[in-house]
Amino acid sequence: MKCIFFLFFLVIMNLNIAQVSPIIPAPVVYQELNESLNFDGDLLVNFIGLSTNLQEQITHLAAIYHGIQFSNFSSGPKISFKKLENVKQDSYSINVSNEIVISFSSDVSCYYAFISLMQLIETTSSGFKLKKCFVKDYPKFSWRGLHLDVSRHFFTVEEVKKYIDLMSLYKFNTFHWHLTDDQGWRIEIKNFPKLTEIGGWRDSTMNNHYSTKPRTYTRHKYGGYYTQEQIKEVVAYANSKFVTIVPEIEMPGHSRAALAAYPEYSCTGIQQGVEGLWGVFDDIFCSKEETILFLQKILDEVILLFPGKYIHVGGDEAPKTRWEKCTNCQKVMHENNLKNEHQLQSYFIQRMDKYLTEKGRKLIGWDEILEGGLSSNAAVMSWRGFEGGVEAASQEHEVVMTPGSHCYFDHYQGKGSNEPIAIGGFTPLEKVYEFNPIPNQLNKKYEPYILGGQANVWTEYISDFDKVEYMVYPRALALSQALWCLEKPSFNAFKNVLMDKHLPFLKKMKVHYAKTIFSPKIEWEKSKKGVQFNIKSNDQGEIYEVESSEIKNNKISKMNFNVLQDECIEINRSEKDQINYTYYVRSKNDSSTTQFNIQATSSLGAPVKYITQPSASYNSGSLTLVDGQHGSLPWKRNEWIGFDTTEIDIEIDLLKRQKYKQLNVSFLSDEHSWIHFPEWIEVFYLRKGKWKHCSGPVQFSYLQSEQVRSFQIELNKPTRNVLVKIKSLTVIPNGLPGAGHIPWTFIDEIEVVK
Ligand SMILES: [Zn+2]
């Protein structure tokens, strides 16, 4: 071994330093020479020693990347494969000189090596070019996962296979298959056929976003499931691509589809349908012995189908409402000396943990399984942030990090109005790229318990496979860097390689990836006379076309111009009345359009002082309230300022002392997210250094049917400064989500009109 590494060292000495590799995820070492191998079609290959599957996969890779074929008699460069013993697990190297040598430690590393080699080959007018180079590579984390929810929306076997194929090309090795939830049971269980006969189908599906009012439904039968034969087919397919499947059978919560089929395993026994609404539901599996045995019989069949080590049992979002009132559940608590329902959930998971452990498997669950005490062998998937993962790792449990902040691919990836509907949140490519599964607050000695990370793809708002691909790509490529690279290249270096090499490849593979990164970067800031926005072209020198219209006194004036690089457009605050502007920024490369409307009033861009500080999670700065733009619906975090206090004071400096006519404030209501309209609002104005009462309090009539409501308050006082006092409800009323808690108050805009 020493000899081999000594030789590698000599080779490196003669190479140029610090090149950016075209490989994603980027390898540990990449060194290239200024010489290339050129060839026009075939490669001379020696497959001796490779498994049949590897030979097939390698042949397939050569075909899909470049249409290259192998032959034993080619005049093209020779590729040989060398299996190494006693080297780092799953490591490989590629040495390109006058021939190509791939050295590998395992079948999977040979597969990965060949993918890297394919990414190194460039197409030229006369054939192919491969720079002479040396690559040495191995992964940072052992769990590199992508998840797919097939319950909220169902995806066919062929679509699931495409999902697995693509992920393996970016060196992901774990597919988390979310097979059951409230809205559909998707895996055939021979012992309990009603799970798919009844639980696999729902009568209706909600339209639009959860927060859209009024709520409407499409009343079509919707569903589907995978037979055990189909599951075996997918498992074998994944295995051939070196991907392990982690099946998820949700318990005790998210179980409405199972309970629609077998209501006897709920607390009430009441027959209810499969859910057509998204959310969290009170009816969950009862903790009685019969249910435990029912679920263990289901797990028996799941274990036979999935050979991987981990079985996911969910464990998240299980309200304890039914358990508190159920005599069976209370009996289980009493018999097992459990103090509360959290301990009962812990007991429930422990029973599954013990069962799976006896069968030689390992239980994994969402971080709620920490509540009430973590079961002895359980691994934890940390989704509500990094904290659950840190806690579990500190207790020496295995952890997979999937924090919503970086890893939820059901979140928006761009701010443009052309982004399709998503659940909420904002997780752009840069944010995913920043992800590090090992948080700073974790004690170094527990780092080995962090197995890696994973992106979750919940499909409430993803009804077809094209949109799955839109939400996952290219964000999965950023994640692959975060999970594979010992040291990530800069984000810009990544983005250049992505645009140059990988997006064209995804296009060739017919992947409907998001083109959000081509959208212009639009940055808002205050200006002397109001607000201004800067349109920055992306690094590829993209040209944008801007079309604008201005409506003033019912007169429309239009403009149209091109932005070649950077452009700053200023909008003045209005001296009188309100002026409405609409801007369309169109990318000339892919014709995606971003639109925004601005209402210019006297307060446009005025200094705002938060006397009551907004919540750090919903504070996108003081300009948000006076940028002339109303928050869109369904609401997005960055367009609203959120407060979690009962009293809110905001001061605005209008910069000019004069008489103002009216002040408008608009609020959001989304009871599911505990966001409510306030109770009343009052306005003060500053006179000789003292706040004088001006108007209000104006009572708010509580109307649940509205999503956004605007208060209009008369001013009619000469002043330069106004103080807006808002009083929220003291607590959320009974019968609503979050009852008894202080509600959130969300404001998108304050306008002062002269
Ligand atoms: Zn019960």
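Definitions and cut-offs
- Residues numbered from 1 in each chain as written.
- Predicted model: local features only at pLDDT ≥ 70, side-chain atom pairs only at ≥ 80, totals over all residues.
- Heavy atoms only, no water.
- Pairing = 2+ DSSP bridges.
- Helix = DSSP H or I, 4+ residues; strand = E, 2+ residues; numbered from the N terminus.
- Axes fitted to C-alpha atoms, helices over the stretch in contact; angles between N-to-C directions.
- Contact = heavy atoms within 4.5 Å.
- Donors = N, O, S within 2.8 Å, 3.2 Å for Na, K, Ca; no water.
- Tetrahedral: all angles 85-135°; square planar, octahedral: opposite > 155°, others 65-115°.
- Buried < 20%, exposed > 50% of the residue type's maximum accessible area, 1.4 Å probe, protein only.
- Left-handed = near helix turned anticlockwise from the far one by under 90°.
- Nonpolar A, V, L, I, M, F, W, Y, C, P; charged D, E, K, R; others polar.
- Salt bridge = Lys/Arg side-chain N within 4 Å of Asp/Glu carboxyl O.
- Phe/Tyr/Trp six-rings, centres within 6.5 Å; stacked < 30°, edge-to-face > 60°.
- Domains from an automatic or database assignment.
- Buried area = accessible area lost by both parts, 1.4 Å probe.
- Polar contact = N/O pair within 3.5 Å; in protein donor to acceptor, adjacent residues only side chain to side chain.
- Expected span 1.5 Å × (residues − 1).
- Core = buried A, V, L, I, M, F, W, Y, C linked by side-chain atoms within 4.5 Å.

## A few points about the sheet that holds strand E21 (residues 399-401)
- With parallel pairing, the 8 strands of this closed barrel are ordered in space as E9-E10-E17-E18-E19-E20-E21-E24. Recorded for the sheet is a direction-independent mean angle of 30 degrees between the axes of neighbouring strands.
- Set on the sheet, helix H4 (residues 157-169) makes contact with strand E9 (143-149), strand E10 (174-178) and strand E17 (244-251); between it and E10 the angle comes to about 155 degrees.

## Focus on the sheet that holds strand E28 (residues 555-563)
- With antiparallel pairing, the 4 strands of this open sheet are ordered in space as E28-E27-E30-E31. The open sheet has two edge strands, E28 and strand E31 (593-600), and neither has a second partner. Direction aside, neighbouring strands of the sheet carry axes that sit 15 degrees apart on average.
- Sheet topology places strand E27 (residues 544-552) next to strand E30 (residues 579-587); 8 bridges connect them, and they run antiparallel. The partner of Glu-545 across the bridge, within E30, is Arg-586.

## Some words on the coordination of the zinc ion
- Looking at the metal site, the zinc ion is ligated by Cys-267 (SG), Cys-286 (SG), Cys-326 (SG) and Cys-329 (SG), spaced 2.2 to 2.3 Å from it.
- Classification of the site at the zinc ion as tetrahedral follows from its 4 donor atoms and the range of 105 to 114 degrees in their angles at the metal.
- Mapping the donors of the zinc ion onto the primary sequence gives the spacing C-x18-C-x39-C-x2-C. Considered together, Cys-326 and Cys-329 belong to a single accessibility category, that of buried residues.

## What to know about the side chain of Ser-204
- With respect to the element layout, Ser-204 can be found in the loop between strand E13 (201-202) and strand E14 (205-206).
- Look at Ser-204 and you get buried, because its relative accessible area is 13%.
- Setting aside chain neighbours within four positions, we find Ser-204 in contact with Tyr-217, Thr-218, Arg-219, His-220 and Gly-276.

## Observations concerning the packing of helix H8 (residues 289-305) against helix H11 (residues 341-358)
- Contact geometry for H8 and H11: axes closest at 11 Å, N-to-C directions at 35 degrees. Handedness of the crossing formed by H8 with H11: right-handed. Along its contact with H8, which presents Glu-289, Ile-292, Leu-295, Gln-296, Leu-299, Asp-300 and Ile-303, the element H11 presents Tyr-347, Phe-348, Arg-351, Met-352, Tyr-355 and Leu-356.
- When its residues are assigned to classes, the contact of H8 with H11 shows 9 nonpolar, 1 polar and 3 charged.

## Digging into the pattern of salt bridges
- All told, the structure shown has 28 salt bridges when counted by the stated rule.
- In this structure, the salt-bridge partner of Glu-398 is Lys-309, at a minimum N-O distance of 4.0 Å. With a gap of 89 residues between them, Glu-398 in the loop between helix H12 (387-394) and E21 and Lys-309 in the loop between H8 and strand E18 (310-314) connect regions that are remote in the sequence.
- A residue is classified by how much of its surface remains accessible, and Lys-309, at 45% relative accessible area, is partly exposed.
- The closest approach of N and O atoms between Glu-545 and Arg-586, which form a salt bridge, is 3.2 Å. A residue pair is termed long-range when its members are at least 10 positions apart, and Glu-545 in strand E27 and Arg-586 in strand E30 qualify at 41 residues.

## Side note on the packing of aromatic side chains
- Taken as a whole and judged by the stated rule, the model has 43 aromatic pairs.
- An angle of 80 degrees between the planes, with centres 5.6 Å apart, marks the rings of Phe-192 and Tyr-262 as edge-to-face. Remark: Tyr-262 occurs in the loop between helix H7 (256-261) and H8 and Phe-192 occurs in the loop between strand E12 (184-185) and helix H5 (194-197); sequence separation between them is 70 residues. This pair shows no difference in class: Phe-192 is buried, exactly as Tyr-262 is.
- Measuring from ring centre to ring centre gives 4.9 Å for Tyr-618 and Phe-746, while their planes differ by 55 degrees; the resulting arrangement is tilted. Pair noted here: Tyr-618 is in the loop between strand E32 (608-610) and strand E33 (641-643) and Phe-746 is in strand E38 (residues 745-753), with a separation of 128 residues, a long-range link.
- An aromatic cluster is defined as three or more aromatic residues linked by ring pairs; in this entry it consists of Phe-154, Tyr-163, Phe-175, Trp-177, Tyr-226 and Phe-306.

## Concerning the domain arrangement of the protein chain
- Along its sequence, the protein chain is carved into domain 1 (2-137), domain 2 (143-511), domain 3 (519-600) and domain 4 (608-753).
- Domain 1 and domain 2 are separated by 36 Å when their C-alpha centres are compared.
- Facing the 26 residues of domain 1 at the interface are 27 residues of domain 2.
- Summing both partners gives a buried area of about 2200 Å² for domain 1 against domain 2, and 64% of it is carried by carbon and sulfur.
- It is Ile-24, Pro-25 and Tyr-112 that lose the most area in domain 1 upon contact with domain 2, and together they represent 31% of the buried surface on that side.
- At the boundary of domain 1 with domain 2, the tally comes to 0 salt bridges.
- The interface formed by domain 1 and domain 2 contains 11 residue pairs in polar contact (both at pLDDT 80 or more).
- Elements with a contribution of two residues or more to the side of domain 1 that touches domain 2: helix H2 (52-66) and helix H3 (107-120).
- When residues in the side of domain 1 that touches domain 2 are grouped by element, the largest group, 8 residues, is from H2.

## Remarks on H8
- Under the 1.5 Å per step criterion, the end-to-end length of H8 is 25 Å for 17 residues, consistent within 8% with the ideal 24 Å.
- Along H8, the positions that sit buried rather than exposed are Thr-291, Ile-292, Phe-294, Leu-295, Gln-296, Ile-298, Leu-299, Glu-301, Val-302, Ile-303 and Leu-305.
- Check the buried side of H8 and you find it contacts E12, H5, helix H6 (228-240), E17, E18 and H11.

## A look at the nonpolar core
- In terms of nonpolar packing, the biggest core is built from 163 residues, with Phe-81, Phe-114, Leu-146, Leu-169, Trp-177 and Tyr-473 touching the most fellow members.
- The biggest single contributor to this core is H3, with 10 residues.
- Structurally, this core is a two-domain feature, drawing no fewer than three residues from each of domain 1 (2-137) and domain 2 (143-511).
- Core analysis: the second largest hydrophobic core is formed by 47 residues, Leu-604, Leu-625, Ile-641 and Tyr-685 among them.

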